[in-house]
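# Structural characterization, general
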Amino acid sequence: MDMDYDWLIIGSGFGGSISALRLTEKGYKVGVVEAGRRFADEDFAESTWQLGRFFWAPLIGLRGILRLKPFKDIFIACGSGVGGGSIVYANTLYRAKPAFFENAQWQDLADWRSELDGHYATAERMLGVNQVPFESPGDRLLQDYAEAIGAESTFTRTPVAVYFGEPGETVPDPYFDGAGPDRTGCTRCGACMIGCRVGAKNTLNKNYLWFAEQAGTQVLPNLKVRDIEPLGNGDGSGGYRVHASSPGLLGGGKRTLTARHVIVSAGALGTNELLARCKHRGSLPKISDRLGRLVRTNSESILAVMMPDDSMDLWNTVAISSSIHTDDDTHIEVVTYGEKGDAMSFLLTVLTGDGTRWTRAFVFLRNVLRHPVNFIKSLWPFGWSRRTIILLVMQSLDNALRFRARPRWFSRGVRLSTAQDSDMPNPTYIDAGNKAAEWLASKYGAIPQSCILEATANIPATAHILGGATIGRDAATGVVDSEHRVFGYRNLYICDGSVMPANPGVNPSLTIAAMTERAMSKIPAAAGKRPD
């Protein structure tokens, strides 16, 4: 039968945009379905108080770029919109730590470090990775702490996907010999994660997705995929029918699309949600029972230090400007939302120490009673973003959660819940992070803060949910093979953070990009087409 597309890609983040470009270059007709809306630079929110342009909650009419999803064991932040996570992430592009490549889940399937090296280099070139060229106030705070704990040699400025140039000056594309869009130099407003209105952030819309669309890729925004249905004998050899509709409450605007091949690139959370629905509702029943296993949080903790005033100009930089290692496994970065991120203050409260799900709330209440003034100050959001430095703590330790799918009562969907991995549970408290926040607060007369769900319910937060559809040797150990092909089906792939087998211990976007580049390199060109 005639198909709408040779390849239909679900999601336009790093996995989706890279797949779209490489497949279009190989001569295929490619479509990309994206649940979020398309943003021009000037469409991004001017502050986090513009809820409809910043937060993603389509059931109540919010169509922004940041999705927040609480579970019993983790609080997840992820992106939505054309360009996926690249429009809301902090531009930070490290290569994974050595332990990532050596994880037992996949180490015997390839020489991963060697195989991915060239693809890392390609992604770095395409994304315009360069090191932050200036020192900012937050860097000096982090250097002070590094020196205090003997970790000063680990201090580094971050590799970021930002065009610095002359601040505020627009120039013809400086990356691809003028073939890309015009770019404007970074003004150090710090609002990278609210959405770069300047045009300095190297989102996927400025490189991979830009060139994919120029070459013929069709992007279909405002469509949430609800089901993937194999055609023919049910193994995918006859292609797929994909059902989509508006992401709003009523789910109108229904579309049905057909394709010979499908790539699921909806981000780790979106991919797990979609494939769990397809598996448990019967359209893709042969997906491995390992779906939802080995869900990684990058072993993260998010804290903050709120200074007495805004005289330090902590916001005057890029979102993440530097990092240190407090030990071989623990990586701490300094983060800002710029001047206008005050609504994010509601996610934080007074610093709270270790405990269990039952005792942590009492530890929090004790701290409120011991420091009532600090607690009251933490409730006032206005000006918070100008005087606060966020600490993002990441670890490369081998720990995990699990997604479990349960049928919804009044629809054909499924609802995901979480559970700790019984053998290697995800941490709910990272002492290195609390120590850093306490030290900085003590030195500068500041207020240290924990994420509110971690402090009150022992639920840590992560901006980097990964895994759940991991690479494995076979269906008994993973969901996809080493070339990202879904076990049990033909012509069905997954390319996003859900396939990652371990915690990288650093921001994962560059590794997702490199892994997708490798997967696409395995796909032959269309008949009669020489790849561009």
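Residues numbered from 1 in each chain as written. Predicted model: local features only at pLDDT ≥ 70, side-chain atom pairs only at ≥ 80, totals over all residues. Heavy atoms only, no water.

Okay, unusual backbone geometry next. With phi around 60°, N222 is a residue other than glycine that occupies positive phi space. By secondary structure assignment, the location of N222 is in the loop between β12 (218-220) and β13 (224-230). Look at N298: it is not a glycine, yet its phi comes out positive at around 60°. Looking at the secondary structure, you find N298 in the loop between β16 (293-296) and β17 (301-306). (Helix = DSSP H or I, 4+ residues; strand = E, 2+ residues; numbered from the N terminus.)

What follows concerns the environment of T48. The topology assignment puts T48 in the loop between β2 (30-33) and α2 (51-54). The exposure class assigned to T48 is buried, which follows from its relative accessible area of 0%. Every residue in contact with T48, bar those within four places of it in the chain, is listed here: F54, F55, I194, K340, G341, D342, A343 and M344. Within the structure, T48 has its side chain in polar contact with the backbone nitrogen of D342 (distance 3.4 Å). (Buried < 20%, exposed > 50% of the residue type's maximum accessible area, 1.4 Å probe, protein only. Contact = heavy atoms within 4.5 Å. Polar contact = N/O pair within 3.5 Å; in protein donor to acceptor, adjacent residues only side chain to side chain.)

Turning to the sheet that holds strand β6 (residues 75-79), a few remarks are in order. Strand order in the open sheet formed by three strands is β5-β6-β25, with mixed pairing between adjacent strands. Edge positions in the sheet fall to β5 (66-70) and β25 (461-462), since each has one partner strand and no second. Bridge count for β5 against β6 is five bridges, and the pairing is antiparallel. Note that in β6 the partner of L68 across the bridge is A77. Sitting on the sheet, helix α7 (residues 267-280) is in contact with β5 and β6, with an inclination near 60° to β5. (Pairing = 2+ DSSP bridges. Axes fitted to C-alpha atoms, helices over the stretch in contact; angles between N-to-C directions.)

Across its 16 residues, helix α4 (residues 112-127) extends 21 Å between first and last C-alpha, which sits within 8% of the 22 Å expected from 1.5 Å per residue. Burial in α4 covers these residues: W112, L116, H119, Y120, A123, M126 and L127. Elements in contact with the buried residues of α4: α1 (14-25), α3 (98-101), β7 (129-131), β9 (159-161), α6 (208-214) and α12 (509-521). Just beyond α4, the residue with positive phi is G128, at close to 65°. (Expected span 1.5 Å × (residues − 1).)

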